[in-house]
Amino acid sequence: MTITDLVAPEAVIPALKVNSKKQALQELAARAAVLTGQNERAIFEVLLQREKLGTTAVGYGVAIPHGKLPKLDKLFGLFARLERPIDFEAMDGQPVDLVFLLLAPEGAGADHLKALARIARLLRDLDVAKKLRASRDAQAIYSVLALPPATAA
Amino acid sequence: MASLDAVSIAILLGAFLVMVGILSSLLALRFGAPLLLVFLFIGMAAGESGPGGLRFDDLQTTYLVGSVALALILFDGGLKTRLQSIQTVLAPSVMLATVGVLLTALITAPVAHYVLELNWAEALLIGAVVASTDAAAVFLLVHAQGLRLRPRVGATLEVESGTNDPFAVFLTLMLVELITVGESSAWHVIALFLRDALLGAVVGFVGGRLVVLALNRVALPQGLHAPFVATAALVIFGAAQSSHASGFLAVYLAGIIIGNRPTRAHNSVVTFLDAATWLAQIVMFVLLGLLVSPQRLLVSIGPAILIALALMLVARPVAVFLCLAPFRFNWREKLFVAWVGLRGAVAIFLASIPMLVGLNNAYLYFDIAFVVVLISLLLQGWTLGFAARKLHVALPRADRGPRRVELDLPGQLEQQLVGYAVRPKSLYLKRGLIPSWSKPTLVIRDQRILSPAEADPVTAGDYVYLLAPPEKAEALDRFFVDMAPSSAPDPHLLGDFMVAGEVTLGDLAGIYGVNVAPDEAELTLADYFDVHLDRAPKLGATLPLDSIVLVARSLGGGRVNVIGLRLPEDEEAPRPPPTRRQTLKRKLKAIWASVAGI
């Protein structure tokens with residue numbers, strides 16, 4: 001399983017324009033709703049519910065909002081680079097500009113957790129993050145995501 | 001004029017004694033003696049058989065001062081109790097405060113019956129008088145020693161000692177009535193107790209709410225907020241007592257309510273009551289010391305020691321282990337709670353009731369209680385810190401936060417000014433990080449007050465004051481402590497995602513599909529750490545939950561408040577960092593290679 005198994009090329013947003021965490025989640029939910037055919041409101045609720053437990057910002061300007069959507073048939077990923085960094089209540093206080101959304105079906109269990117770990121590891125790699133920030137269009141971003149996972153821990 | 005002189009002399013002597021008490025606290029802190037004992041001894045030394053030679057046997061005054069002092073101490077205890085921290089221990093504490101007190105009294109009674117040759121009602125009265133754990137002693141001795149207990153243990157003890165006085169007072173009054181008047185039915189007694197407790201709770205709840213309302217609505221002159229709250233506490237106490245409700249329960253509850261709502265001048269109220277509590281404590285113990293007569297004490301000292309030992313070594317431990325059996329405490333925690341059943345002024349105060357009513361042998365109760373308290377404070381008070389460390393219920397001192405100054409800003413309640421000294425290795429100085437909800441407002445450097453713009457860049461040794469919501473002030477500490485020179489570990493090991501300590505296991509199960517035992521679903525993650533770790537959690541402590549590993553990422557007040565979730569990885573994932581054994585193997589290989597000259 002690589003990251004590109006989770007994200008389709010059309011699920012990459014190169015420059016999303018949002019001003020707040022809430023707006024970012026709303027916007028991502030709307031895009032995810034179009035691509036998965038699920039209810040936008042339901043997706044937003046699921047993401048919000050997870051944020052209530054604690055922020056999904058993992059530090060270094062990266063956030064990975066996620067949640068479980070019962071009616072989904074497989075894992076669904078969506079990547080967005082934000083035009084302007086926003087406050088995501090991160091532990092390190094850094095504003096966030098790279099956002100990866102992951103939705104999982106009800107029974108995904110271990111796959112869901114492994115995918116999340118994989119995404120976190122990839123985006124925490126400072127080189128990868130740098131390349132993603134430098135990429136201007138969806139295709140360039142997609143090719144960075146398709147890179148094999150970094151070898152150095 | 002002679003009577004006026006007498007008043008002046010009484011004031012002089014009284015104030016002088018209290019002042020000696022205050023000064024002696026220095027001595028006590030240096031030698032680690034339980035402070036309360038020192039106050040007691042000063043009273044005794046000033047008393048009729050000590051060098052002071054003062055004659056004092058005014059029971060009315062003692063009862064009055066004792067009531068006021070106890071009310072203030074309990075109120076202060078409630079004020080400092082965080083509702084959040086007691087919610088999880090409410091059931092075990094209340095169990096200890098009611099059933100525990102009854103059991104302790106029942107088990108102590110036979111000893112009193114046989115060694116003192118009292119009848120059963122009188123023996124039970126002895127048991128009831130010494131059965132309650134003293135809130136003042138627990139609060140004071142634990143805090144004065146700078147001891148920080150594991151939150152669940154500390155909270156259980158504090159809530160127990162705060163709530164058991166009403167029950168012990170009730171038990172004592174009932175037994176005194178039984179001895180003076182005669183028979184009464186069990187149902188009548190239970191109904192009486194329920195009425196007292198319920199009415200007390202209602203008075204405390206309503207009173208507390210009213211005080212909060214008044215504090216925030218009425219524009220009192222600066223400096224009168226704290227005295228207002230203190231007198232309001234006494235009004236609540238008096239109102240409850242005179243309507244035959246439990247005043248002690250009422251003030252404790254009112255304290256909890258006032259302490260857990262946003263109010264004006266919260267900090268000055270806490271500081272004022274701190275001082276008032278100290279004073280109450282000193283006055284009460286000095287007075288009780290004055291009242292005792294060592295010659296008379298000698299007569300009953302043998303039986304008293306027997307009773308004290310039976311109480312500390314048998315009655316209390318049995319009661320604690322029975323009461324805590326249904327709850328999740330390990331044996332070390334139970335043993336500690338059993339040992340820290342400190343007896344204090346409440347016992348002596350309760351023992352003065354028979355004297356006040358004029359029971360037969362009234363002095364016996366007083367003397368027995370006095371010796372029991374003395375032994376408890378000496379033996380248990382002195383070994384408190386030692387026991388806490390041996391039984392692993394003490395927290396390491398290391399995770400103390402930086403010194404934080406909090407200033408109320410009159411006119412509103414949402415924001416306060418929080419000040420810190422800037423340390424050279426703080427997150428704030430090193431990375432310029434600050435949470436988005438706080439705003440640097442002024443900087444003090446070399447005794448000059450600067451605006452953040454003027455002070456830019458801030459250097460180590462400056463003082464920074466920030467605007468922040470009062471409830472979040474504690475979260476700022478993290479940015480102002482010196483960071484440990486950590487060799488940045490693999491971030492994955494610290495957990496990929498962070499969740500708050502109040503999140504329940506059920507919440508996590510809902511989102512991550514991990515399996516959670518049904519009876520643990522309601523447990524918060526912070527509780528989960530408390531329950532499953534044998535010792536106080538440290539930063540980086542791990543605990544498995546199904547396929548996830550929970551990592552303690554941030555501690556506050558001894559509890560884990562941020563938890564990292566280390567998620568499982570699949571097999572194709574990059575190699576995990578080498579274990580110590582693998583590193584050793586590689587090193588050996590390298591050495592072998594160099595030796596073999598390959």
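About the cut-offs
- Residues numbered from 1 in each chain as written.
- Chains lettered and ligands numbered in written order.
- Predicted model: local features only at pLDDT ≥ 70, side-chain atom pairs only at ≥ 80, totals over all residues.
- Heavy atoms only, no water.
- UniProt positions renumbered as here; feature names shortened; annotations may be inferred.
- Phe/Tyr/Trp six-rings, centres within 6.5 Å; stacked < 30°, edge-to-face > 60°.
- Helix = DSSP H or I, 4+ residues; strand = E, 2+ residues; numbered from the N terminus.
- Buried < 20%, exposed > 50% of the residue type's maximum accessible area, 1.4 Å probe, protein only.
- Lys NZ or Arg CZ within 6 Å of the ring centre and 35° of its normal.
- Core = buried A, V, L, I, M, F, W, Y, C linked by side-chain atoms within 4.5 Å.
- Contact = heavy atoms within 4.5 Å.
- Pairing = 2+ DSSP bridges.
- Axes fitted to C-alpha atoms, helices over the stretch in contact; angles between N-to-C directions.
- Salt bridge = Lys/Arg side-chain N within 4 Å of Asp/Glu carboxyl O.

In the annotation of an unreviewed UniProt entry, chain B is listed under the name Cell volume regulation protein A and assigned to Rhodopseudomonas rhenobacensis. Quoted verbatim from the Subcellular location (unreviewed entry) heading of the UniProt record, the comment on chain B is "Cell membrane".

Chain A is annotated in an unreviewed UniProt entry as PTS system nitrogen regulatory IIA component from Rhodopseudomonas rhenobacensis.

Residues and elements named next belong to chain B. In this structure the tally under the stated criterion is 9 aromatic pairs over all chains. Ring geometry for Phe237 against Phe248: centres 5.1 Å apart, planes inclined by 65 degrees, an arrangement best described as edge-to-face. Highlighted residues: Phe237 in helix H10 (residues 225-242) and Phe248 in helix H11 (residues 247-259), separated in sequence by 11 residues. The burial state of Phe237 is the same as that of Phe248; both residues are buried. Ring centres of Phe366 and Phe370 lie 6.4 Å apart, and the angle between their planes is 25 degrees; on these two criteria the pair is classed as stacked. Residue Phe366 and its partner Phe370 are located together in helix H16 (residues 362-390), separated by 4 residues, close to a single helical turn. Here Phe366 matches Phe370 in class, with each residue buried. Of the aromatic side chains, those joined through ring pairs into one cluster are Tyr63, Phe237, Phe248 and Phe349. Just above the ring of Phe329 sits the side chain of Arg152; from NZ or CZ to the centre is 4.3 Å.

Further remarks concern the nonpolar core. Residues Phe75, Leu273, Phe336 and Leu377 of chain B are the most contacted members of the largest nonpolar core, which totals 137 residues. The element that contributes the greatest number of residues to this core is H16 of chain B, accounting for 15 residues. Look past the residues within four positions of Phe75 of chain B in its chain and what remains in contact with it is Val229, Ala233, Val251, Ala254, Gly255, Ile258 and Leu273 of chain B. The next biggest cluster of nonpolar side chains, apart from the first, holds 83 residues, and it includes Phe76 and Val128 of chain A together with Leu508 and Phe529 of chain B.

The subject of this paragraph is unusual backbone geometry. A positive phi angle is found at Tyr60 of chain A, which is not glycine, with a value near 55 degrees. Assignment of secondary structure puts Tyr60 of chain A in the loop between strand S2 (57-59) and strand S3 (62-63).

Turning our attention to the environment of Gly461 of chain B. Residue and element names in this part refer to chain B. Structurally, Gly461 can be placed in the loop between helix H18 (452-455) and strand S5 (463-468). What makes Gly461 exposed here is its relative accessible area of 53%. Here the alpha-carbon distance between Gly461 and Val422, two residues 39 residues apart in the chain, equals 5.4 Å.

All names here are of chain B. One open sheet accounts for 4 strands, arranged S6-S9-S8-S7; its pairing is antiparallel. Strands with a single pairing partner mark the edges of an open sheet, and in this sheet they are strand S6 (497-500) and strand S7 (542-545). Put simply, the sheet's adjacent strands are angled 35 degrees from each other on average, direction ignored. Both S7 and strand S8 (residues 548-556) contribute to a ladder of 4 bridges, which runs antiparallel.

In this section: the pattern of salt bridges. Tallied over the entire structure, the rule returns 10 salt bridges over all chains. Close ionic contact of Arg41 of chain A with Glu45 of chain A constitutes a salt bridge, the shortest N to O distance being 2.9 Å. Linking Arg41 of chain A with Glu45 of chain A, this pair stays in helix H3 (residues 40-53), spanning 4 residues, or about one helical turn. Classification of Glu45 of chain A as partly exposed rests on a relative accessible area of 36%. The partner of Asp462 of chain B in a salt bridge is Arg445 of chain B, and the shortest N-O contact between them spans 2.8 Å. Taken together, the positions of Asp462 of chain B in the loop between H18 and S5 and Arg445 of chain B in strand S3 (residues 439-445) put the pair 17 residues apart, joining distant regions of the chain. Assessed through its relative accessible area of 21%, Arg445 of chain B is described here as partly exposed. Salt bridges linked by common partners bring Lys21, Glu51 and Glu89 of chain A together as one network.

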